[in-house]
Amino acid sequence: MLLLDIEAELSIWEEGRAVWSEEAFAVAELAYHLALWLQSPVAGQEGFEFDSMQSVAGLIRIAGSDGG
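Cut-offs used in this document
Each chain has its residues counted from 1, running along the sequence as written. Side-chain atom pairs in this predicted model are given and counted only at pLDDT of 80 or more, local residue features only at pLDDT of at least 70, and totals for whole chains, interfaces and linings cover all residues. Heavy atoms from the whole structure form the basis of all side-chain values; hydrogens and water molecules are not counted. Two strands pair if DSSP finds at least two bridges between them. Helix numbers and strand numbers start at the N terminus; a helix is a DSSP run of H or I with at least 4 residues, a strand a run of E with at least 2. Only centres within 6.5 Å qualify two rings of Phe, Tyr or Trp (six-membered ring in Trp) as a pair; their planes then separate them into stacked at under 30 degrees, edge-to-face at over 60, and tilted for everything else. Throughout, exposure labels follow a simple rule: accessible area from a 1.4 Å probe, protein chains only, divided by the maximum for the residue type, with under 20% read as buried, over 50% as exposed, and the rest as partly exposed.

### Some remarks on the pairing of strand 1 (residues 7-14)
Inference 1: As paired elements, strand 1 and strand 2 (residues 17-26) share seven bridges and run antiparallel to each other. Counterpart to Glu7 in the pairing with strand 2 is Ala26.
Inference 2: Two successive antiparallel strands, strand 1 and strand 2, enclose a turn made up of two residues, where Glu15 displays a positive phi of approximately 50°.

This is the structure in structure tokens:
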């Protein structure tokens, strides 16, 4: 496995306004873990939580809801 330390600004926007932003976020690591999750058979049934040594645990989570 090749680990890349690629950081970039990651921000979440809602209705044209920045809700959250991080200047040096581990985007390559996030992409790697998201790709693994999406390829797993439980991706549609279980949520995703990004766990990285470079960020706060649970900072990025994807969870299902009753509304879709």
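There is more to say after this.
### Points about the packing of aromatic side chains
Working definition: an aromatic ring pair is given by the centre-to-centre distance plus the angle between the planes.
Inference 1: Applying the stated criterion across every chain, the model contains three aromatic pairs.
Inference 2: Measuring from centroid to centroid gives 6.0 Å for Trp20 and Phe25, while their planes differ by 85°, and the two rings are edge-to-face.
Inference 3: Classification of Trp20 as partly exposed rests on a relative accessible area of 22%.
Inference 4: Take Phe25: its relative accessible area is 2%, and that puts it in the buried class.
Inference 5: Ring geometry for Phe25 and Phe50: centres 5.7 Å apart, planes at 45°, overall tilted. Of this pair, Phe25 sits in strand 2 while Phe50 sits in the loop between strand 3 (48-49) and strand 4 (61-62), and the two are 25 residues apart along the sequence. A single burial state applies to Phe25 and to Phe50, both of which are buried.
Inference 6: Every member of this aromatic cluster is reached through a ring pair, and the members are Trp20, Phe25 and Phe50.

Interpretation note: all reported values are geometric properties and have no functional meaning in isolation.
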